[in-house]
Amino acid sequence: MTSGTTARAPASIANLGPGFDVFGLAVNAFYDEVTLKKTKGGITIISDGSVPSSPRDNTAGIVVSNMKRRFKIGGGIEIAIRKRVPPGFGMGSSAASAAAAAVAFDRLFRLGLDPAELVEFAGTGEKASAGAIHYDNVAAAVLGGFAMVRTDPLDVIMIEPPADLRMCIAIPKIDIPKKKTRVSRGLLPKQVRFSDHIVNLSNASAMVAGFEEKDSDLIGSAIQDVIVEPARMRMIPGFSKIKDNALKAGAAGVTICGAGPSVVAFSKKSADLEKISTAMAKGFASAKTKCMTVVCKPTKGAGIRNKAKAMP
Ligand code: HSE
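Residues numbered from 1 in each chain as written. Predicted model: local features only at pLDDT ≥ 70, side-chain atom pairs only at ≥ 80, totals over all residues. Heavy atoms only, no water.

### Some words on helix α2 (residues 93–108)
Between the first and last C-alpha of α2 there are 23 Å, a value that for 16 residues agrees with the 22 Å anticipated at 1.5 Å per step. Along α2, 15 of the 16 residues are buried, which leaves the element largely enclosed by surrounding structure. Looking one or two residues past α2, Arg-110 carries a phi angle of roughly 45°, positive in sign. (Helix = DSSP H or I, 4+ residues; strand = E, 2+ residues; numbered from the N terminus. Expected span 1.5 Å × (residues − 1). Buried < 20%, exposed > 50% of the residue type's maximum accessible area, 1.4 Å probe, protein only.)

Set out below in structure tokens:
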């Protein structure tokens, strides 16, 4: 394949406990790359990962189709996806491809869109995997850092995370249901107790203060979710043990990573991150489940690669 316009976008952690569908954090654990190239006709997809090859089912394909239609751009486009964010494990995999596609498209056709518009287009790609548009992962993947989303109208606020914030993520080796996010959203309660709403709101508020004040301990202690976590934890083998183990090993807060089934422990650079990761792996092992662990930190959002390379 010849060169094209390539954008790269990071993995992200959605929700961060109490901020369901509102909070997102871009992390340097993995990145997807999307290269767009003008062709004579149609939208075609090539990838080195196991992603849908039909543009109608593929996150990046949907974003490109929508942007093409909105800006009345003719001709064809080849989409090459270098897939590195593991799909289906709660790390914003579809959002990374969607964000990279939106940013690459914006550059290829010199649209000059602002970040909120890029988030909005990237969000249309999320619908393919989640069944509903939610902007937490795409906001983080596009903008980087800690992102907060308001909708109607869409408004994204970003705060630069503290430099010492670290996350240990345990990614289990288990079979993932098709359309996992849709499945895990199906587990959510239709109604919540008012007292639970207050607990989550108070912790979400503390978390925002933690990011604003660059206080990683406050961020960690605000990882308290009494609504979504209890509903979803049953899809994660050994969740209670994993959480307990990580807290005992020094993590400041532990919760489900996005829609799961990965688990994320929040901590500081000065903590024993290897000990926390091992403790989490032992928690999964107690439920006879293997996992991979990765230590990561907040990162910048999607950007154009300086030199477009042939991919995949
Ligand atoms: N906020 C979404 C959820 C993120 O938890 O369902 C999924 O990627």
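### Looking at the packing of helix α1 (residues 59–70) against α2
α2 packs onto α1 with a crossing angle of 35° between their chain directions and a minimal axis gap of 8 Å. In this structure, the crossing between α1 and α2 has a hand that is right-handed. Counted together, Thr-59, Ala-60, Val-63, Val-64, Met-67 and Lys-68 of α1 and Ser-94, Ser-97, Ala-98, Ala-101, Ala-102, Phe-105 and Asp-106 of α2 form the full contact between these two elements. Across the contact of α1 with α2, the residue classes break down as 8 nonpolar, 3 polar and 2 charged. (Axes fitted to C-alpha atoms, helices over the stretch in contact; angles between N-to-C directions. Left-handed = near helix turned anticlockwise from the far one by under 90°. Contact = heavy atoms within 4.5 Å. Nonpolar A, V, L, I, M, F, W, Y, C, P; charged D, E, K, R; others polar.)

### Thoughts on the pattern of salt bridges
Going through the model one piece at a time under the given rule, you end up with 8 salt bridges. Between Arg-185 and Asp-21 there is a salt bridge whose closest N-O contact spans 2.7 Å. Separated by 164 residues along the polypeptide, Arg-185 in helix α5 (residues 180–186) and Asp-21 in the loop between β1 (5–14) and β2 (23–39) bring together distant segments of the chain. With a relative accessible area of 21%, Asp-21 lands in the partly exposed category. Note that Asp-32 is salt-bridged to Lys-83, the shortest N-O span being 2.3 Å. With Asp-32 in strand β2 and Lys-83 in the loop between β4 (76–82) and α2, this pair connects stretches of sequence that are 51 residues apart. For the residue pair Asp-32 and Lys-83, the accessibility class agrees, reading buried in each case. (Salt bridge = Lys/Arg side-chain N within 4 Å of Asp/Glu carboxyl O.)

### A few points about the site of the ligand
Taken together, Ala-14, Asn-15, Phe-20, Asp-21, His-134, Asp-136, Asn-137, Thr-181, Arg-185, Arg-232 and Ala-259 make up the full set of residues near the ligand. With respect to the ligand, the side chain of Asp-21 contributes an N or O atom lying 2.6 Å from a nitrogen atom. In this structure, Arg-232 approaches the ligand through a side-chain N or O atom, which is 2.7 Å from an oxygen atom. A total of 260 Å² of accessible area belongs to the ligand in isolation, and the protein chains cover 94% of it. Elements with a contribution of two residues or more to the shell around the ligand: α4 (136–143) and α5. Within the shell around the ligand, the residues separate by chemical class into 3 nonpolar, 4 polar and 4 charged. (Near = heavy atom within 4 Å. Polar contact = N/O pair within 3.5 Å; in protein donor to acceptor, adjacent residues only side chain to side chain. Areas by Shrake-Rupley, 256 points an atom, 1.4 Å probe, with all protein chains shown as cover.)

### Thoughts on the sheet that holds strand β7 (residues 165–172)
What the 4 strands build is an open sheet, ordered β8-β9-β7-β10; its pairing is antiparallel. The open sheet has two free edges, formed respectively by β8 (253–256) and β10 (291–296), since each of these has just one partner strand. Direction aside, neighbouring strands of the sheet carry axes that sit 20° apart on average. Bridge analysis of β7 against strand β9 (residues 263–268) gives 6 bridges, and the strand direction is antiparallel. (Pairing = 2+ DSSP bridges.)

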